[in-house]
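# Notes for the structure review
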Amino acid sequence: MASTRRYRGIDQLSARDRIVVALMVVVPTLLVLWLVWIPALGSVLLSFTNWDGIGPLSGIKPVGLQNYRDITTIYPPFWPAIQHNLIWLAVMFLVATPLGMLFAILVDRGVAGTRFYQTSIYLPVVLSLALIGFIWQLIYSRDQGLLNALTGGSTDWYGDSSVNLWAALVAATWRHSGYIMLLYLAGLKGVDPSLREAAKIDGASETTTFFKVVFPVMRPINIIVLVVTFIESLRAFDLVWVINKGRNGLELISTLVTQNVVGEASRIGFGSALATIMLAISSVLVFIYLRIAMKED
C-alpha cells in the first residue's frame, strides 16, 4: 500500500517539479559527458594520429598504432616511468597504507591527545601535493635544508637521481597515510562492538581480533582503499612536477603525458597515446572494483 502511494505521488508531480527533476538528472550527466567522457574519447582518437596541436583539425593524419610502437620501442623515458610508477604503487601499498591503518587503530583506541594526533596526521591531506613539495624542499635542500643540517651531509635530495624518487615517496607517504587513516577510522567506527566483545570472551588477543574479525568486516573499506591507492599512485604528478618536471630519475607516466601535450614538443597525438595507456591501466582496477561492488549489491 505504501509503495502504491509512493508511485502515485511520483505520477502526481507538478510540471515545475518534473522540470526540476529533469534538470537534476540532465545537467550532471551533460557535465560528466563534457568534462570526462568527451575528453577521454578524444584522447583515445588522437592517439592514433600525428597531430601536433598546430593547424586545423582537417590536417590531422592517422598513423595507426605508430605512436604506441614508438612509445614502447624508441622512447627512452617510458619504461623507467613504468618502473617508477610500480615502485610508487608498492610504497603506497606496503608503507603508506599500513601506516595509515596503524594511525587509525591508535586513534580509534582513544589514546591521550586523540584529537590532536588525528588533526596533525590528517593536516597534510588538505594540502596539495605541489605545496607539500615546497614544504619538503625546506627539509631536503642541499645547502639550507633541515635534514642535511641535522646529519651534517650535503646530499641534494631532490637533484640526485639515485635518491630523489625515494625522497619524493617520503613526502607522498606523509600525505597519503593521513588519507588512509581517515578511511579506516570511519570503517573502525562502523564495526559492531559486540564482535570485539565476543572475540575477547573467546580469549582472542587484540591483534588476532583485528585481523580475524575486524579487518574482514571492513571489506568495503579495504576495496575503496585498494582502488584509491592504485589510482593515486598511477596519477601521481604534482609533487614530481614541482621538483623537476618529472626528469632526472623522477619520470612518471603522468609527467610524460604533460611534457608531450603541453610541453615544448607539442606532440598531441603522442601524448594522447601515453594518456590512453594510463587510462587503460587505471580502468582495470576500477572495473574490478565496480564488478565486486555490483556483485555485492
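See above for the structure.
Keep in mind the model is a prediction, meaning the values are calculated, not measured.

## A short note on empty space enclosed by the protein
Under the definition given, this model contains one cavity of 30 Å³ or more. Here the largest cavity is characterised by a volume of approximately 100 Å³. Around the largest cavity, the lining residues are W88, M92, L129, A172, R175, H176, E232, S233 and A236. At the level of elements, α4 (78–108), α8 (164–189) and α11 (219–234) are the ones that each hand at least two residues to the lining of the largest cavity. For the lining of the largest cavity, the leading source of residues is α8, giving three residues. Across the lining of the largest cavity, the residue classes break down as five nonpolar, two polar and two charged.

## A look at the packing of α4 against α11
The description of two helices packed together rests on the angle between their axes and the distance between the axes. Closest axis-to-axis distance for the α4/α11 pair is 9 Å, and the angle between their directions is 140 degrees. On the basis of their axis angle, the class for α4 and α11 is oblique. The crossing of α4 and α11 is right-handed. Taken together, the residues of α11 that come into contact with α4 (itself represented by N85, W88, L89, M92, F93 and T97) are V225, L226, T229, F230, S233 and L234. Of the residues belonging to the contact of α4 with α11, the class tally is eight nonpolar, four polar and no charged.

## Digging into helix α2 (residues 15–46)
End to end, α2 covers 43 Å across 32 residues, agreeing with the expected 46 Å (1.5 Å per residue, within 8%). Of all the bends found along α2, the most pronounced is centred on L33 and spans about 40 degrees.

## Re the packing of helix α9 (residues 193–201) against helix α10 (residues 206–217)
Relative to each other, α9 and α10 sit at 160 degrees, their axes nearing to 10 Å. Judged by the inter-axis angle, α9 sits roughly antiparallel to α10. Once α9 is placed against α10, the crossing between them reads as right-handed. Facing α9, whose interface residues are L195, R196 and A199, α10 presents T209, V213, V214 and V217. In terms of residue class, the contact of α9 with α10 is made up of five nonpolar, one polar and one charged.

## Quick notes on the packing of aromatic side chains
This model, assessed by the stated rule, comprises 11 aromatic pairs. Ring centres of F78 and W79 lie 4.9 Å apart, and the angle between their planes is 70 degrees; this geometry places the pair in the edge-to-face category. Relative to Y117, the ring of F116 has its centre 5.7 Å away and its plane inclined at 65 degrees; by these criteria the two rings are edge-to-face. Given a relative accessible area of 41%, Y117 falls into the partly exposed group. Within the aromatic cluster, the residues linked to one another by ring pairs are W136, Y140, W157, Y158 and W174. The aromatic ring of F270 is capped on one face by R267, whose charged end is 4.2 Å from the ring centroid.

## Overview of the pattern of salt bridges
For the coordinates displayed, the defined rule picks out four salt bridges. R196 is the partner of D108 in a salt bridge, and the nearest nitrogen-oxygen pair spans 3.5 Å. Residue D108 is located in helix α4, and its partner R196 is located in helix α9; the two are separated by 88 residues in the primary sequence. Here D108 falls in the buried class, since its relative accessible area comes to 18%. Measuring nitrogen to oxygen at the nearest pair gives 3.6 Å for the salt bridge that ties E206 to R109.

## Description of the layout of surface pockets
The computed volume of the largest pocket comes to approximately 550 Å³. Surrounding the largest pocket, 18 residues form its lining, R109, R196, E206, T209 and F210 being those nearest its centre. At the level of elements, α4, α8, α9 and α10 are the ones that each hand at least two residues to the lining of the largest pocket. In the lining of the largest pocket, the residues fall into nine nonpolar, three polar and six charged. In this structure, the second largest pocket spans a volume of roughly 330 Å³. Lining the second largest pocket are 17 residues, with A275, T276, M278, L279 and S282 positioned closest to its centre. Among the secondary structure elements, those contributing two or more residues to the lining of the second largest pocket are α2, α11, α13 (253–261) and α14 (268–296). The class makeup of the residues in the lining of the second largest pocket is 11 nonpolar, five polar and one charged.

Rules behind the numbers
Residues numbered from 1 in each chain as written. Predicted model: local features only at pLDDT ≥ 70, side-chain atom pairs only at ≥ 80, totals over all residues. Heavy atoms only, no water. 1 Å grid on protein atoms, 1.4 Å probe; cavity = no way out; pocket = protein on both sides within 12 Å on 5 of 7 lines; lining within 4 Å. Points joined across faces, edges and corners; volume = space filled by probe spheres on them. Helix = DSSP H or I, 4+ residues; strand = E, 2+ residues; numbered from the N terminus. Nonpolar A, V, L, I, M, F, W, Y, C, P; charged D, E, K, R; others polar. Axes fitted to C-alpha atoms, helices over the stretch in contact; angles between N-to-C directions. Parallel < 35°, antiparallel > 145°, perpendicular 65-115°, else oblique. Left-handed = near helix turned anticlockwise from the far one by under 90°. Contact = heavy atoms within 4.5 Å. Expected span 1.5 Å × (residues − 1). Bend = angle between axes of the 7 residues up to and from the residue. Phe/Tyr/Trp six-rings, centres within 6.5 Å; stacked < 30°, edge-to-face > 60°. Buried < 20%, exposed > 50% of the residue type's maximum accessible area, 1.4 Å probe, protein only. Lys NZ or Arg CZ within 6 Å of the ring centre and 35° of its normal. Salt bridge = Lys/Arg side-chain N within 4 Å of Asp/Glu carboxyl O.

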